[in-house]
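One-letter residues, chain by chain:
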Amino acid sequence: MLKIFNRYYSIKDIFFFFFESLLIFSSVILATYIRYKIHSFWLPPYYIIGLKIFLVTAVCQLSLYYNDMYNTKIIRTKQETIIRALQALGVAAIILSIIYYAVPDLIIGRSIFLISILFLAVITILWRLFYSWTISINAFDERILIIGTGEAAKDIAKRILNKEKVGYEIVGFIAEDNSLKIGTSLVNPKVIGTYEHICDIVEKENIGKIIVALSERRGSLPLNTLLRCRLNGIKVEDDAAFYEGINGKIRLDSLKPSWLIFSDGFKKSWVSVAIKRLSDISTAGLGLIVMSPIMFLTAILIKLDSKGYVFFKQERVGMDGEGFALLKFRSMREDAELKSGPVWAKKDDDRITRVGRFIRKTRIDELPQLINVLKGDMSLVGPRPERPFFVAQLKEKIPFYSLRESVRPGVTGWAEICYPYGASVEDAFEKLQYDLYYIKNRSFLLDLTIIFETVRVVLLGKGSR
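Before going into details, it helps to say that this report is about the structure given with it. Sequence order sets the numbering: in each chain, residues are counted from 1 along the sequence as written. Where local features are concerned, this predicted model is filtered to residues with pLDDT of at least 70; where side-chain atom pairs are given and counted, the filter is 80 or more; whole-chain, interface and lining totals use all residues. As a rule here, side-chain values cover all heavy atoms of the structure and leave hydrogens and water aside.

### Some points on the nonpolar core
Then, in step 1: Core analysis: the largest hydrophobic core is formed by 44 residues, its most contacted members being Leu255, Phe329, Ile398, Trp414, Tyr438 and Ile450.
Then, in step 2: Of the residues forming this core, the biggest block, 7 residues, is contributed by helix H15 (residues 425-441).
Then, in step 3: Contact definition: two residues touch when any of their heavy atoms are within 4.5 Å. Here Phe329 is in contact with Met295, Thr298, Ala299, Ile302, Val310, Phe311, Phe312, Ile359, Ile364, Asp365 and Pro368, once residues within four sequence places are set aside.
Then, in step 4: Judged by nonpolar contacts, the second largest core, of 29 residues, contains Ala31, Leu64, Ala85 and Trp127. Here, nonpolar core refers to any group of buried Ala, Val, Leu, Ile, Met, Phe, Trp, Tyr and Cys residues whose side-chain atoms link them within 4.5 Å. In this scheme, a residue with accessible area under 20% of its type's maximum is buried, one over 50% is exposed, and one in between is partly exposed, where area comes from a 1.4 Å probe on protein chains only. Every helix listed is a DSSP run of H or I at least four residues long, and every strand listed is a run of E at least two residues long, numbered separately from the N terminus.

In structure tokens, the structure reads:
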């Protein structure tokens, strides 16, 4: 497993992505060789040829990604793998045709293009069927041993078992004492020993990592045994760090202030703050210019559809607890909360107008928030700002909720791409775990990842209400 942004990614999956990119790249070269015996095409300057083939590779990979070809929870059968692969490559062909029409110098040749698409269809399908087979047999998964039999240990096991492509295989649990018999089933893996059996199990079962998931460690941790394993090259990790790595969130129900104080992360240098602010200003300004025709049309439709103002101002809580007026296109009736007061939005909310339903689904209603970004009230990426009425409630019910206010709120965020629309205290609790993960691990590259994923969420129409 490889840690990126303090989250675990399977080396197998990373290898799969780059090897697939190489296959796509090679398919275009093969098509060129078949068509021209490569002599009349592969001529200096080489970087131009490489750029053309890289463009094909990038567009194909983006199309596969946005067609959920990297989500094994969606793709279940061989037939679906084939259909989705063909759909993705069809979309890639259309996108490349548009690019070639706009910039003819980028075209690789009409005949090469057609042969490449044919090769890509065959190679991509065969490669993905092979990859699905490696997943089904748990090939290359790292074998782990969990020390502990309490709720934390069982929760980690459930998370691993419920997540596909996580890259781990649970060998079993180690009990703290003899109160649980060897062979007792917990979740699915069983108790396979006690502290005195750890070294033998590690050697016999080829264990790669040990997870310590004990509710109380003082005086009960097998330090000498774990030290011996660590010196022999076995990775040892505590349950909080491991939970964060596989789930992309910080577990709140067992979180202690000391962990927040001593853990890595929560970096906030003036350089990173300046870079983030500059990127916010430039991106928001460009976004307003590019999206201005859509925003103008939206304003007209809102005005024609229902009475009231085009824009909707709502007080939200920003960085350091300061309030600001958040801008949105109005998507509800003007009197939506006249009688009820502040309430959570709900699915199929009858307060939403006809145009409002569409702009909420496509997130067009969020575009005016780019003005908030320019003003400095918000950032492009960060925890979503909440209303003061709900913030007061949530601070009383949810520990560490005020930590969200340590950074600027965002138009989009880690919680928004990892968790559906929140409409309750329970949802706010769950989303806070993702927000704390972002605050702890935030970086320019993580922001780019979130923006990239947000585009996919918007295109697929997920999570809106």
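### Overview of the environment of Phe312
Then, in step 1: Mapping Phe312 onto the fold places it in strand S8 (residues 311-317).
Then, in step 2: Residue classification places Phe312 among the partly exposed positions, given a relative accessible area of 36%.

### So, the sheet that holds strand S6 (residues 209-212)
Then, in step 1: What makes two strands pair is DSSP finding at least two bridges between them. Spatially, S5-S4-S3-S6-S7 is the arrangement adopted by the 5 strands of the open sheet, whose pairing is parallel. Each edge of the open sheet carries a strand with a single partner, namely strand S5 (191-194) and strand S7 (235-238). Each strand of the sheet is rotated relative to its neighbour by a mean of 30°, with strand direction disregarded.
Then, in step 2: When S6 meets S7, the two strands line up parallel, connected through 4 bridges. Within the sheet, the bridge partner assigned to Lys209 lies in S7 and is Lys235.
Then, in step 3: Fitting a line to C-alpha atoms yields each axis, with helices limited to the stretch in contact; the angle taken between N-to-C directions then spans 0 to 180 degrees. Sitting on the sheet, helix H5 (residues 151-162) touches strand S3 (142-147), strand S4 (168-175) and S6, and the angle it makes with S4 is about 165°.

### What to know about the pattern of salt bridges
Then, in step 1: One side-chain nitrogen of Lys or Arg within 4 Å of one carboxyl oxygen of Asp or Glu is enough to make a salt bridge. Applying the stated criterion to the full structure yields 19 salt bridges.
Then, in step 2: The shortest N-O distance in the salt bridge between Glu366 and Arg384 comes to 3.3 Å. You can see Glu366 sitting in the loop between helix H11 (354-361) and helix H12 (369-375) and its partner Arg384 sitting in the loop between strand S10 (379-381) and helix H13 (388-397), a full 18 residues away along the chain. Taken individually, Glu366 and Arg384 each receive the classification buried, so the pair is uniform in this respect.
Then, in step 3: Within the structure, one salt-bridge network assembled from shared partners comprises Arg143, Glu169 and Glu205.

No statement about biological role is implied by the geometric values presented.
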